[in-house]
Amino acid sequence: MVAATSKPRAETPDVIAMSDVRFVWPGRNAFSLAVDSFALPAAKRILLIGPSGSGKSTFLSLICGIVAPQSGRIEILGTDITRLPASARDGFRAEHFGIIFQIFNLLPYGTVIDNVLLPLSFAPNRRKRATAKGSAEDEAVRLLTRLGLEPNLTRGHSAANLSVGQQQRVAAARALIGSPEVIVADEPTSALDRNRQAAFLDLLFTEVAEAGATLIMVSHDESLAPRFDQVMQLDEIATSRQGADP
Amino acid sequence: MIVLRLALQSLRNRWLTATLTVFAIAVSIMLLLGVEKVRAGARQSFADTISGTDLIVGARSGSIQLLLYAVFRIGNATNNITWPSYQDIASRPEIAWVVPLSLGDSHRGFRVLGTTPDYFTHYKYRQTHGLAFASGAPFADLFDAVVGADVAAALGYKVGDRIIVSHGLGAVAFVEHDDKPFRVSGVLEKTGTPVDRTVHVSLEAIEAIHVDWQSGGRVPGQSVSADDVRRMDLKPKAITAALIGLKSRLATFRVQRSINEYRAEPLSAILPGAALQELWGLVGTAETALKAVSAMVVATALLGMVTMILTTLNERRREMAILRSVGARPRTVLGLLMAEAGVLTATGIALGVVLLYAALLVLQPYVDATYGLHLPIEPPKPAELATLATIAIAGCLAGLLPALRAYRLSLADGMTVRT
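In this text the structure is predicted, and so the values were computed from the model without any measurement. (Residues numbered from 1 in each chain as written. Chains lettered and ligands numbered in written order. Predicted model: local features only at pLDDT ≥ 70, side-chain atom pairs only at ≥ 80, totals over all residues.)

> How would you explain the overall build of chain A if you had to name every residue and give the values?
Within chain A, the secondary structure is distributed over 8 helices and 10 strands. Compactness check: chain A gives a C-alpha radius of gyration of 18 Å against a globular reference of 18 Å for 246 residues, within 12% of the reference. Each principal axis of the C-alpha distribution contributes one length, and for chain A these read about 50 × 35 × 35 Å. In chain A, buried positions account for 47% of the 246 residues. Long-range pairs, those at least 24 residues apart, make up 76% of the contacts in chain A between residues at least 6 apart in sequence. (Helix = DSSP H or I, 4+ residues; strand = E, 2+ residues; numbered from the N terminus. Rg over C-alpha atoms; globule rule 2.2 N^0.38 Å. Buried ≥ 20, exposed ≤ 12 C-beta atoms within 10 Å, placed from the backbone. Contact = placed C-beta atoms within 7 Å.)

Put into structure tokens, the structure is as follows:
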């Protein structure tokens, strides 16, 4: 199952196991990425360091199942998502992933609550978990409060006039609602100043730990490294190049 | 459905462009349905002008021409029917009633019709409606005239007023029958037909005003006073046309054929309905052109909507990436954009229908009074509903263009949030 990794088969499967992955973006500016072998153990905080242009977005698109490689295996929580049809991959992502972008995380015309509840429309199991103790709205408010969003900004408030820091908290609540197994954060703190960065990470770490999820954070900022269980260099995992030949 | 709600909120976020798009569609729908309403109204109005008349007889000519001058007062007769021929036809056993019509004079732009008092009982419009007097009575005296509702309204006539009839048909008369003035004996109720714009006098009166005339002018040195004329023989020499009612409709074609083959002089007998059908055949091309133009206006409005959605796509790539990241399928993105096109089209159609009926309510009395065109306010016909449904489907399909582009973009963007 995780043949490409040197580790013996554990009770809980690796969060991610990739082997012999070859991927080329379609279109004119072909960009290719190759991963020979990569494994990520569960329930950890992992920092992936990669300068811009090192194929971060492509790597994340692959593990989230937004794109499928031309060849190779990508196992997420023991499921080879390259064998799933595209719509099943979308459903898999909805159930098992919470994703935080660098910036522009929210639909500006929606309310804060609607933005947080958005993934539940595509993930019935996450909806079940989110509504185990009450309504999904209550769970959203609980998460937002835990993440330090002012109470007057939660219910009925439009997402359009939040500050960047507030937007990132709402995005974190959206990623965490319904307790998905994997939280992927793509430079979530790069738009924040140092103090806010630290505060945001503290809250994020606490909530991720409470949910028992694995946090995969991507950044070019190596100074964050001491706060993570494991730090990996993306260019050691994957080789990327401009051109159609991976 | 949180996704659908967000889609609507997204639309509301762009309310100005969305509203303008909806209005463009609404106006095009209004035009499309309005053209159809006017077309149907005009046809109905023509068809309603003459009812209960089985045959119209005139000098030999095309049936459309005979119909137009005899009933609609459009154009002129090429020739007359002599009085003996008229009486010969009127005495046929199949004929229940016959009303002679004599045209050729006018009163301040309105046509003067010489006829008999039978006209007021036998002329029918809108299936069963007969002529009714708003005031006064049919002409009894030689120099009595009955005016239609529009004539009375336009010229301010009431019973007892004196009027002068002009020779010929122009609004500005050069030769007037001013030596023989008429008295208004009655004013007719509004009918919405050319009757409203007609001055009715007796056949004898038409004869009387022309007694001292020859070849369209007064004979110099020869003047007959109005009193002298009363003592003269005023039996008409000719009439322009005649309306005929038959005892049995089964006899229609037999009578028509015998009139068409009348030996004493060349005559034509036409069925009003058949002549109208011929007329529609003639104006059908123009109607089709009007329909085509309004259909193109609808297509233009839909194109405008597609353009509007396409221009917003770039700024909405963020929206797509977020939706994809939380697990939305590309199909969902496609569906959302098509739904947006569908909502815009449906709203435009609904608004267009509302605007049309509002316009009808406001303009109906004016159009009726000015053009004699009655536009009925009635629920949309099945054919119109089918047209609207077709447009709604076309709107959704037009939405496919931006939707497919968004689909491709969202696949190509992957996890990248574009700004």
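> Can you lay out the overall build of chain B for me, pointing to particular residues and giving the numbers?
Secondary structure summary: chain B contains 14 helices and 17 strands in total. The C-alpha radius of gyration of chain B comes to 31 Å, more than 25% above the 22 Å expected for a compact globule of 419 residues. Taken over the C-alpha atoms alone, chain B extends approximately 105 × 45 × 35 Å along its principal axes. Burial status across chain B gives 39% buried among its 419 residues.

> Tell me about the environment of A:Ile74, residues and numbers included.
All names here are of chain A. Inspection of the secondary structure assignment puts Ile74 in strand β4 (residues 71–76). Note on Ile74: 24 C-beta atoms within 10 Å, which makes it buried. In this structure, the C-alpha to C-alpha distance between Ile74 and Leu162, residues 88 residues apart in sequence, is 37 Å.

> Residues and numbers for the interface of chain A and chain B, please.
Of the residues lining the interface, 26 residues belong to chain A; the matching set on chain B comes to 23 residues. Those elements that provide at least two residues to the side of chain A that touches chain B are α1 (56–63), α2 (86–96) and α3 (112–117) of chain A. Ranked by residue count, the leading element in the side of chain A that touches chain B is α2(A), at 5 residues. Class assignment for the residues of the side of chain A that touches chain B results in 15 nonpolar, 8 polar and 3 charged. (Nonpolar A, V, L, I, M, F, W, Y, C, P; charged D, E, K, R; others polar.)

> How would you sum up the sheet that holds strand β1 (residues 16–24) of chain A? Please name residues and give values.
Residue and element names in this part refer to chain A. Taking strand neighbours across the sheet as the criterion, the 5 strands line up as β5-β4-β1-β2-β10 in an open arrangement whose pairing is antiparallel. If you trace the sheet from one side to the other, it starts and ends with β5 (79–80) and β10 (238–242), each paired once. Of the strand pairs in this sheet, β4 and β5 are connected by 2 bridges, and their pairing is antiparallel. By the bridge assignment, Ile76 is partnered in β5 with Thr79. (Pairing = 2+ DSSP bridges.)

> Would you mind going over the domain arrangement of chain B in detail, with residue names and values included?
Frequently, the measure chosen for interface size is the accessible area removed from exposure when the parts meet. What the domain assignment reports for chain B is domain 1 (2–46 + 285–413) and domain 2 (55–270). Summarising the inter-unit geometry, the C-alpha centres of domain 1 of chain B and domain 2 of chain B are found 52 Å apart. (Domains from an automatic or database assignment.)

> So what's going on with the sheet that holds strand β3 (residues 45–49) of chain A? Which residues, and what values?
Backbone hydrogen bonds are what pair the strands of a sheet, in a parallel or an antiparallel way. Residues and elements named next belong to chain A. Taken in spatial order, the 5 strands line up as β6-β7-β8-β3-β9 in an open sheet, and their pairing is parallel. Of all strands in the sheet, those with a lone pairing partner are β6 (97–100) and β9 (230–233), marking the two edges. Pairs of neighbouring strands in the sheet enclose a mean axial angle of 20°, with direction left out of account. Relative to strand β8 (residues 214–219), strand β7 (residues 182–186) is paired through 5 bridges, and the arrangement is parallel. For Asp186, the partnering residue across the bridge sits in β8 and is Val218. (Axes fitted to C-alpha atoms, helices over the stretch in contact; angles between N-to-C directions.)

> I'd love a proper account of helix α3 (residues 63–71) of chain B, names of residues and values included.
Residues and elements named next belong to chain B. Buried within α3 are the following residues: Ser63, Leu66, Leu67, Tyr69, Ala70 and Val71. Structurally, α3 contributes buried residues whose contacts are with α2 (15–49), β1 (55–59), β3 (95–107), β16 (241–246), β17 (267–270) and α10 (272–313). Phi turns positive one or two residues past the end of α3, at Arg73, with a value near 60°.

> Tell me what's going on with the packing of α2(B) against α10(B), and back it up with residues and numbers.
Residue and element names in this part refer to chain B. Running from amino to carboxyl end, α2 crosses α10 at an angle of 175°, the nearest separation of the two axes being 8 Å. By the angle between their axes, α2 is roughly antiparallel relative to α10. Its residues assigned to classes, the contact of α2 with α10 shows 17 nonpolar, 6 polar and 4 charged. (Parallel < 35°, antiparallel > 145°, perpendicular 65-115°, else oblique.)

> Requested: an account of the packing of helix α1 (residues 2–13) of chain B against helix α12 (residues 330–371) of chain B, with residues and values cited.
Residues and elements named next belong to chain B. Where α1 contacts α12, the two axes come as close as 10 Å, and the packing angle between them is 50°. Classified by the angle between their axes, α1 and α12 sit oblique to one another. For the pair α1 and α12, the crossing hand works out as right-handed. Contacts from Val3, Ala7 and Leu11 in α1 reach Thr332, Leu336, Ala339, Glu340 and Val343 in α12. Across the contact of α1 with α12, the residue classes tally to 6 nonpolar, 1 polar and 1 charged. (Left-handed = near helix turned anticlockwise from the far one by under 90°.)

> Outline the nonpolar core, listing residues and values.
Membership of the largest hydrophobic core comes to 108 residues, with the highest contact counts inside it found for A:Val116 and A:Ala173. Excluding its chain neighbours within four sequence positions, the residues that come into contact with A:Val116 are A:Ala140, A:Leu143, A:Leu144, A:Val170, A:Ala173, A:Arg174 and A:Ile177. Membership of the second largest hydrophobic core comes to 59 residues, among which are B:Ala145, B:Val146, B:Ala208 and B:Leu267. (Core = buried A, V, L, I, M, F, W, Y, C linked by C-beta atoms within 7 Å.)

> Can you lay out unusual backbone geometry for me, pointing to particular residues and giving the numbers?
One non-glycine residue, A:Asp20, adopts positive backbone phi at about 50°. Its place among the elements puts A:Asp20 in strand β1.

> Can you lay out the confidence of the model for chain A for me, pointing to particular residues and giving the numbers?
Residues and elements named next belong to chain A. Averaged over every residue, the pLDDT of chain A is 82; residues scoring 70 or more account for 91%. Considering each helix and strand of chain A separately, the mean pLDDT is smallest for β10, with a value of 77, and largest for β6, with 90. Contacts for the low-pLDDT stretch residues 1–10, under 50 throughout, to residues beyond four places or in other chains number 20 contacts. (pLDDT = per-residue confidence, 0-100.)

> Can you break down helix α7 (residues 194–211) of chain A residue by residue, with the values?
Residue and element names in this part refer to chain A. A rise of 1.5 Å per residue sets the reference length of α7, with its 18 residues, at 26 Å; its end C-alpha atoms lie 26 Å apart and thus fit the reference within 8%. For α7, the complete set of buried residues consists of Leu201, Leu204, Glu207, Val208 and Ala211. Buried residues along α7 cover an arc of 140° about the axis, so they all sit on one side. The outward face of α7, more than 90 degrees from its buried face, is lined by the exposed residues Asn195, Asp202, Thr206, Ala209 and Glu210. Those residues of α7 hidden inside the fold are in contact with α5 (136–146), α6 (164–176), β7 and β8. Looking one or two residues beyond α7, the residue adopting positive phi is Gly212, at roughly 70°. (Expected span 1.5 Å × (residues − 1). Arc of directions from axis to C-beta.)

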